[in-house]
Amino acid sequence: MPYNGFARLCKWECPEEPYTMNNNIATEIELNRNDVMRGIHWDNPFTLNLNVVLGLTTLTTVIGVFNASPDKTIHFNLAMETLFRIRSIKHCQIYGLQNNEYIDHVKCVRRIDDDLAPLIITERIDRIYPKVKRKVKIIDLLEGRKIIIKKVNFPDICVLNPWIGEYEQMISVIPGYIASIVKLPPNEWFYAGQRIEILPLLPDQQIN
């Protein structure tokens, strides 16, 4: 199995043209198991459906997984790898992860209590926060904006930044089943998603 899964490496199909919905632009793309994937990545029949709705200041993505097996429960991880462009990682704050345990893959330490708010990144980071109950906010101080991430039916959050080169202007906050596993019975659907909203900071919150 490729690192970070196989779905992102596959060619998805767009069965219909994008359409407008309540002044938003929406589309759906679909991925089915095919002969190339069989025996290499995933032997079980399935369908992935991704619905994308783009608004003026919002982006909503909902993914559906269908277990097409007539008699076998499938087990899988699932995440929405989202990369956000920011002005500088050194002037970025992340709220919503305080008082939550995490798994640190850089320092090889598991489940340390983190009571700091906000999370300020000062070095390479690759953490998984299991069972995050709050919505997560990214404060981009130099850009004067906040990015609000509200996950639906995803328990975990991954925070990632390699801390090299062009990654100084990127932060990845990924909702998903990362520390947890989805168990999907035969002939059933599983749905999860996220809503991202970008809002300006108040004048007294900005760095000039």
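Remember, predicted model here, so these are calculated numbers, not experimental data.

Caption draft 1: Local environment of the pattern of salt bridges. In this structure the tally under the stated criterion is five salt bridges. Across the pair Asp 104 and Arg 127 runs a salt bridge whose closest N-O atoms are separated by 3.8 Å. Taken together, the positions of Asp 104 in strand 8 (residues 100–104) and Arg 127 in strand 11 (residues 125–129) put the pair 23 residues apart, joining distant regions of the chain. For the pair shown, Asp 104 and Arg 127 are each scored as buried. Here Glu 197 and Arg 195 are joined by a salt bridge, their closest N and O atoms 3.4 Å apart.

Caption draft 2: Representation of the packing of aromatic side chains within the structure. Taken as a whole and judged by the stated rule, the model has seven aromatic pairs. In textbook terms, an aromatic cluster arises when at least three aromatic residues are bridged by ring pairs, as seen for Phe 76, Phe 154, Tyr 177 and Phe 190. Between Arg 127 and the ring centre of Tyr 102, over which it is positioned, the NZ or CZ distance is 3.9 Å. It is Lys 137 that lies over the ring of Tyr 95; its NZ or CZ is 5.8 Å from the centre.

Caption draft 3: Spotlight on the pairing of strand 3 (residues 46–54). In terms of residue burial, strand 3 counts as a mostly covered element, since seven of its nine residues are buried. Bridge count between strand 2 (residues 24–32) and strand 3: eight bridges; the pairing is antiparallel. Looking across to strand 3, one finds that Glu 30 is bridged to Asn 49. Pairing of strand 3 with strand 4 (residues 58–67), which is carried by nine bridges, proceeds in the antiparallel orientation. Across the sheet, residue Val 53 finds its bridge partner in strand 4, namely Thr 60. Connecting strand 3 to the antiparallel partner strand 4 that follows it, the hairpin turn spans three residues.

Reading the values: rules and limits
Position numbers for residues start from 1 in each chain and track the written sequence from start to end. For this predicted model, a pLDDT threshold of at least 70 governs which residues receive local features, and a threshold of 80 or more governs which side-chain atom pairs are given and counted, while totals over whole chains, interfaces and linings are taken from all residues. The side-chain values count all of the structure's non-hydrogen atoms but skip hydrogen atoms and water molecules. Salt bridge, as used here, is a side-chain nitrogen of Lys or Arg placed within 4 Å of a carboxyl oxygen of Asp or Glu. Here a strand is any run of E in DSSP of at least two residues, a helix any run of H or I of at least four, and the numbering for each starts at the N terminus. A simple rule labels every residue: compare its accessible area, found with a 1.4 Å probe on the protein chains alone, to the largest value its type can have, and call it buried under 20%, exposed over 50%, or partly exposed in between. Here the aromatic set is Phe, Tyr and Trp, taking the six-membered ring for Trp, and pairing holds for ring centres within 6.5 Å; pairs whose planes are under 30 degrees apart are stacked, those over 60 apart are edge-to-face, and all others are tilted. The criterion for a charge sitting over a ring is simple: Lys NZ or Arg CZ within 6 Å of the ring centre, and within 35 degrees of the ring normal. Strand pairing is assigned whenever DSSP identifies at least 2 bridges connecting the two strands.

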